[in-house]
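The primary structure of each chain is shown beneath.
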Amino acid sequence: AHTLSCLGYPAQARRRAQEALTLAQALAHPYSLGFATQWAAVLHHRHREVAAVQAQAEALLALATAQGVPVHAALGTFWRGWALAMQGQGEAGLAQMHQSLATILAMGTELVRPFCLVPLAEAAGHTGQVEEGLRLLAEAVTAIEASGQGYLLPEAYRLQGAFLLRQADAVRAEACDRVVDPADLRVRGLLGVEHLGQRVHARVGTAAWRTPSSSSSRWSRAPAGPPTGNQARASSPSRRTARATLM
C-alpha cells in the first residue's frame, strides 16, 4: 500500500490497505490487526485524510485496550492527537502526541523517534507554533540521518520550507509596521528566503513551454519572436566575419 502511495496511486494504496485490514481481521490475530491498523493510519496521514486517521487511531486504541498492547495504545493516542491538532484542538492534540512519544521512547523503541517527530512538527506548525515546528524538524533530520530512514527526509524538508516561508511572511508584515535595522540578520535571512521563492516562481511562471506537436514527442520552447535590430546586425555575416577575425 505504501509503495503504491509513493508511486502516485492513492486509490490503489487505500484498497490494498483495506485488504490488509480485512486479512488481519480474518486471521483473528490481534498483533497483525494492530500492525495493519497503525500503517493504515500512516497511509491516511500521508494523504492528509484527517478523519480517516482519527478513525484508524480510535480503532487501534480500542484494540490495544482490549488486548493489552502498550505500544499500540501509544501509537493510537499519537495519531488521535495529530488528528485533533489538525482539527483545531491544538493544545489537547499536541499534549497527546508528546505524551505518546515519551511513552514509546521509554519502551526502548528509538527508531520511532524520527517517524513521530515529523508529524509532531507538522501539528505544531499547524497550530501556529512555527518556531517549535522548526526545532522539532531539526531534531527529526538529525535523527533521520542517524537512523538511515531517508524516506522521511522529503516530508521533513517540505515542512521546513513551508515554515520558513511563513516566518518570512510574518517578518515582512512586521517590517511594514516598524523601521527595520538592516543589520538584523534574522530579518535579512528570512526575507532572503522569500526573495528566493519569488525568483523561482518567476522563472517557472514565465517559462514558455508548449505541448509536444503531432510530429515530435519532445518538449520544446515556444518559438522566439523576430530578432531586434541589434540582434539582426550582430548576427549578420559581416559582423560574424569581423568577430572571427578578431578572435
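Residue numbers here run from 1 along each chain, matching the order of that chain's written sequence. Selection of residues for local features in this predicted model requires a pLDDT of at least 70, selection of side-chain atom pairs for listing and counting requires 80 or more, and totals for whole chains, interfaces and linings are taken over all residues. Derived side-chain values reflect all non-hydrogen atoms in the structure, with water molecules and hydrogen atoms excluded from consideration.

Participant: How should I be thinking about the nonpolar core in this particular structure?
Facilitator: Residues Trp79, Trp82, Met97, Phe115, Cys116 and Leu120 are the most contacted members of the largest nonpolar core, which totals 38 residues. Put simply, DSSP marks the helices as runs of H or I at least four residues long and the strands as runs of E at least two long, and each gets a number from the N terminus on. Those elements that place two or more of their residues in this core are α3 (30-46), α4 (50-67), α5 (70-86), α6 (90-106), α7 (112-126), α8 (130-147) and α9 (153-177). A total of nine residues in this core trace back to one element, the largest contributor, which is α7. Two residues qualify as a contact provided that any one of their heavy atoms is within 4.5 Å of a heavy atom in the partner residue. Discounting chain neighbours no more than four positions away, the residues touching Leu120 are Phe78, Leu94, Met97, His98, Leu101 and Leu136. Each nonpolar core is a collection of buried residues, namely Ala, Val, Leu, Ile, Met, Phe, Trp, Tyr and Cys, held together in the definition by side-chain atoms within 4.5 Å. Note on classification: 1.4 Å probe, protein chains only; a residue is buried when its accessible area is under 20% of the maximum for its type, exposed when over 50%, partly exposed between these limits. Judged by nonpolar contacts, the second largest core, of six residues, contains Leu33, Ala36, Ala40 and Leu63.

Participant: Could you clarify how one ought to interpret the packing of aromatic side chains in this entry?
Facilitator: Within a pair of aromatic rings, the relevant descriptors are the distance that separates the centres and the angle that separates the planes. Only the six-membered ring of Trp is used, alongside the rings of Phe and Tyr, when aromatic pairs are assigned; centres must lie within 6.5 Å, and planes under 30 degrees apart are stacked while those over 60 apart are edge-to-face, with the rest tilted. Taken as a whole, this structure holds five aromatic pairs when the rule is applied. Through pairs of rings, three or more aromatic residues link up here, namely Phe35, Trp39, Phe78, Trp79, Trp82 and Phe115.

Participant: Just to check I follow, could you spell out the side chain of His72 for this structure?
Facilitator: Its location among the elements puts His72 in helix α5. His72 sits in the buried class, given a relative accessible area of 5%. In this view, His72 contacts Tyr31, Gly34, Phe35, Leu60 and Ala64; residues no more than four positions away in its chain are not counted.

Participant: Got a minute to help me understand the pattern of salt bridges in this structure?
Facilitator: It is possible for side chains bearing opposite charge to pair when their charged atoms get close. Throughout this description, the term salt bridge denotes a Lys or Arg side-chain nitrogen within 4 Å of a carboxyl oxygen of Asp or Glu. In total, this model carries 10 salt bridges according to the counting rule given. Among the ionic pairs, Glu110 bridges to Arg113, the shortest N-O distance being 2.5 Å. Residue classification places Glu110 among the partly exposed positions, given a relative accessible area of 43%. Here Glu139 makes a salt bridge to Arg113, at a shortest N to O gap of 3.5 Å. Here the residue Glu139 occupies a position in helix α8, and Arg113 occupies one in helix α7, the gap between them amounting to 26 residues.

Participant: Explain the packing of α5 against α6 to me, please; I cannot follow it from the model alone.
Facilitator: Pairs of packed helices are described in terms of their axes, by the angle between the two and the distance that separates them. Only C-alpha atoms enter the line fits that serve as axes; for helices the fit covers just the stretch in contact. Angles between N-to-C directions range over 0 to 180 degrees. Their axes nearest at 7 Å, the elements α5 and α6 cross at an angle of 155°. Here α6 runs roughly antiparallel to α5, going by the angle between their axes. Between α5 and α6 lies a crossing of left-handed hand. Where α5 abuts α6, its residues Ala74, Leu75, Thr77, Phe78, Arg80, Gly81, Trp82, Leu84 and Ala85 lie against Gly90, Gly93, Gln96, Met97, Ser100, Thr103 and Ile104. In what follows, roughly perpendicular refers to angles from 65 to 115 degrees, roughly parallel to angles under 35, roughly antiparallel to angles over 145, and oblique to any angle outside these ranges. Crossing handedness follows the turn of the near helix against the far one: under a right angle anticlockwise gives a left-handed crossing, and clockwise gives a right-handed one.

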